Amino acid sequence: MGYKSLIINPGSTSTKIGVFEDENLLFEETLRHATEEIAKYDSIVAQKDFRKEVITKVLADNDFDIKTLDVVVGRGGLLKPIPGGTYEVTDALIKDLVEAKRGEHASNLGGLIAKEIADEVGVPAYIVDPVVVDELSDVARISGHPEMPRTSIFHALNQKAVAKRYAKEKGVPYESLNLIVVHMGGGVSVGAHKDGKVIDVFNALNGDGAFSPERAGAIPNGELVRLCYSGKYTEKEMVKQLVGKAGYNAYLGTNDQRDVEDLAFNKNDAKAKLVMDAFIYQVAKDMGAQATVLCGKVDQVILTGGIAYSDYVVDELKKRAGFIAPFTVYAGEDELLALAQGALRVLNKEEEAKVY
């Protein structure tokens, strides 16, 4: 018999759960929460009991006995910067999730709900590789202005999961490899993995590196300042122009790679083709930059995220950056499995759980 785990991944209007035996998915559900139901709560943390009740009801409806669980894992939230790994949900971690000093996000609920359910059945609760994973080298933090250092916010869960998957398939330690991992989804992050750490990564949220379907990436500083003081947008609206209404959305009115390819190839839309090629061009430039971080000694380039399903994007990236290293493609992202694998590495004594 393998280890049974309950995985909890809260989103803004839904909660994804999965029950695994080792790496085998027994069942999963996406629990949708009506906007009016969510609106009843004045904060994210206030939703905890409501979301927990929905989860336990679905488990009961599936005739699943939570007493058979060996571990409960929640998606990590907006915590202080921490090294990658699997973390035990401790009082200190709970305190930071509840106080939400680094921002309110639905993922903050993951560790809180996991801990309560785990305590009820006497098993450990963990989080794995939250977006705040920070393993940057000192030199990578220097930005050009001391009041605006470079920070690490990226798709740590998926980047680490695919890097470790590649290492396992090759039968070598993750810590022995130099990798460039490219996550391409609603946001894009390109990371340099060395000695088991992401020593440099383009910030996937706050304006660093390539633009993405929804985000502006690095844009001209002077033009940004001018627009901020133009009176055209409020501060909140300006943030939305950078994260949400940017990238493909701003140029083409869609955040879906499939729509962009349909415009470019089936409807002969020259603008769509140009914007898509610019996206590929910028991602390739980021890959080249991370190759210099690794001094040109790159064992493998890994492409992942939803856009990695696009043969056109993959082929074009190979044309521009194939000289760096061989490519491996793990299209999509399976966050539930990645969280389960993080717990398994601890339960199987491949790693030690870290303390926040």
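See the structure printed just above.
Now for a description of the structure that goes with this document. Keep in mind that what you see is a predicted model, and the values were worked out from it rather than measured.

**Section: the nonpolar core**
Thinking step 1. Core analysis: the largest hydrophobic core is formed by 37 residues, its most contacted members being I180, M184, M287 and L317.
Thinking step 2. Looking at this core, the element that brings in the most residues is helix α10 (residues 270-293), giving nine residues.
Thinking step 3. Not counting residues up to four positions away in its chain, the partners in contact with M184 are F279, V283, L303, T304, G305, G306, I307, A308, V313 and L317.
Thinking step 4. One finds L69, I82, L93 and I113 within the second-largest nonpolar core, a separate group that totals 30 residues.

**Digging into the sheet that holds strand β10 (residues 300-305)**
Hydrogen bonds between backbone groups are what pair the strands of a sheet, and the pairing can be parallel or antiparallel.
Thinking step 1. Read across the open sheet, the five strands follow the order β9-β8-β7-β10-β11; overall the sheet is mixed. Single-partner strands in this sheet number two, and they are β9 (197-201) and β11 (327-331). Each strand of the sheet is rotated relative to its neighbour by a mean of 25 degrees, with strand direction disregarded.
Thinking step 2. In this structure, strand β7 (residues 178-184) lies alongside β10, joined through five bridges in parallel fashion. When the sheet's bridge partners are listed, L179 is paired in β10 with Q300.

**Quick notes on the pattern of salt bridges**
Thinking step 1. Evaluated as defined, the whole model comprises 24 salt bridges.
Thinking step 2. Close ionic contact of K101 with E99 constitutes a salt bridge, the shortest N to O distance being 3.4 Å.
Thinking step 3. Residue classification places K101 among the exposed residues on the basis of a relative accessible area of 65%.
Thinking step 4. A salt bridge links K267 to D262, with the nearest nitrogen and oxygen atoms 3.3 Å apart.
Thinking step 5. Assessed through its relative accessible area of 55%, K267 is described here as exposed.
Thinking step 6. Residue classification places D262 among the partly exposed positions, given a relative accessible area of 26%.
Thinking step 7. One salt-bridge network, held together by shared partners, links K48, D49, K52, E116 and E120.

**Considerations on the sheet that holds strand β1 (residues 4-10)**
Thinking step 1. With mixed pairing, seven strands are arranged side by side in an open sheet as β3-β2-β1-β4-β6-β5-β12. Lying at the two open borders of the sheet, with one neighbouring strand each, are β3 (24-32) and β12 (354-355).
Thinking step 2. Sheet topology places strand β5 (residues 86-88) next to strand β6 (residues 125-128); three bridges connect them, and they run antiparallel. Paired with T86 across the bridge in β6 is V128.

**Some points on the packing of aromatic side chains**
Between two aromatic rings, the relevant description is the distance of the centres plus the angle of the planes.
Thinking step 1. A complete count under the given rule lists seven aromatic pairs for this structure.
Thinking step 2. Relative to F64, the ring of F27 lies with its centre 6.1 Å away and its plane at 70 degrees, an arrangement referred to as edge-to-face. Within this pair, whereas F27 is found in strand β3, its partner F64 is found in the loop between α2 (48-61) and β4 (71-75), the two being separated by 37 residues in sequence. For the pair F27 and F64, one class covers both residues: buried.
Thinking step 3. Taking 6.4 Å as the distance between ring centres and 65 degrees as the angle between the ring planes, the aromatic pair formed by F211 and Y248 counts as edge-to-face. Of this pair, F211 sits in the loop between β9 and α6 (221-228) while Y248 sits in helix α8 (residues 248-252); the two residues are 37 residues apart in sequence, bridging distant segments of the chain.
Thinking step 4. The buried category is assigned to F211, whose relative accessible area is 7%.

**A closer look at the packing of helix α5 (residues 156-170) against helix α12 (residues 335-347)**
Thinking step 1. Their axes nearest at 10 Å, the elements α5 and α12 cross at an angle of 65 degrees. Between α5 and α12 lies a crossing of left-handed hand. Facing L157, A161 and K164 of α5, the residues of α12 in contact are E335, A338, L339, Q341 and R345.
Thinking step 2. For the contact of α5 with α12, the per-class residue count stands at four nonpolar, one polar and three charged.

**Concerning the packing of helix α3 (residues 91-99) against helix α4 (residues 108-121)**
Thinking step 1. Following both chains from N to C, one finds α3 and α4 inclined at 135 degrees, their axes separated by 9 Å at the closest point. Relative to α4, the element α3 lies oblique. Crossing geometry of α3 relative to α4 is assigned as left-handed. Residues I94, L97 and V98 of α3 pack against N108, G111, L112 and K115 of α4.
Thinking step 2. Tallied by class, residues from the contact of α3 with α4 come to four nonpolar, two polar and one charged.

Parameters at a glance
- Throughout this description, residue numbers start from 1 for each chain and increase along the sequence as written.
- Only residues with pLDDT of at least 70 are given local features in this predicted model, and only at 80 or more are side-chain atom pairs given and counted; all residues enter the totals for whole chains, interfaces and linings.
- To obtain the side-chain values, all non-hydrogen atoms of the structure were included, while hydrogens and water were left out.
- Buried residues of nine kinds, namely Ala, Val, Leu, Ile, Met, Phe, Trp, Tyr and Cys, make up a nonpolar core once their side-chain atoms join them within 4.5 Å.
- Here the term buried applies to any residue with accessible area under 20% of the maximum for its type, exposed to any over 50%, and partly exposed to those in between, with areas from a 1.4 Å probe on protein chains only.
- Labels follow the DSSP assignment, with helices taken as runs of H or I lasting at least four residues and strands as runs of E lasting at least two, numbered in each case from the N terminus.
- Pairs of residues are marked as contacts when any of their non-hydrogen atoms sit within 4.5 Å.
- Between any two strands, at least two bridges found by DSSP are needed for them to pair.
- Here an axis means a line fitted to C-alpha atoms, over the contact stretch when the element is a helix, while the angle between two N-to-C directions is reported on a 0 to 180 degree scale.
- We count a salt bridge whenever a side-chain nitrogen from Lys or Arg sits within 4 Å of a carboxyl oxygen from Asp or Glu.
- Paired rings are identified among Phe, Tyr and Trp, the last through its six-membered ring, by centres lying within 6.5 Å, and are further divided according to the angle between planes into stacked (under 30 degrees), edge-to-face (over 60) and tilted (the rest).
- A crossing counts as left-handed when the near helix is turned anticlockwise from the far one by less than a right angle, and as right-handed when that turn is clockwise.
- Here the term charged refers only to Asp, Glu, Lys and Arg, the term nonpolar to Ala, Val, Leu, Ile, Met, Phe, Trp, Tyr, Cys and Pro, and the term polar to all other amino acids, Gly among them.
- By definition in this entry, angles of less than 35 degrees are roughly parallel, angles greater than 145 are roughly antiparallel, angles of 65 to 115 are roughly perpendicular, and the rest are oblique.

Honestly, that's just the spatial picture; any functional story needs more than this.
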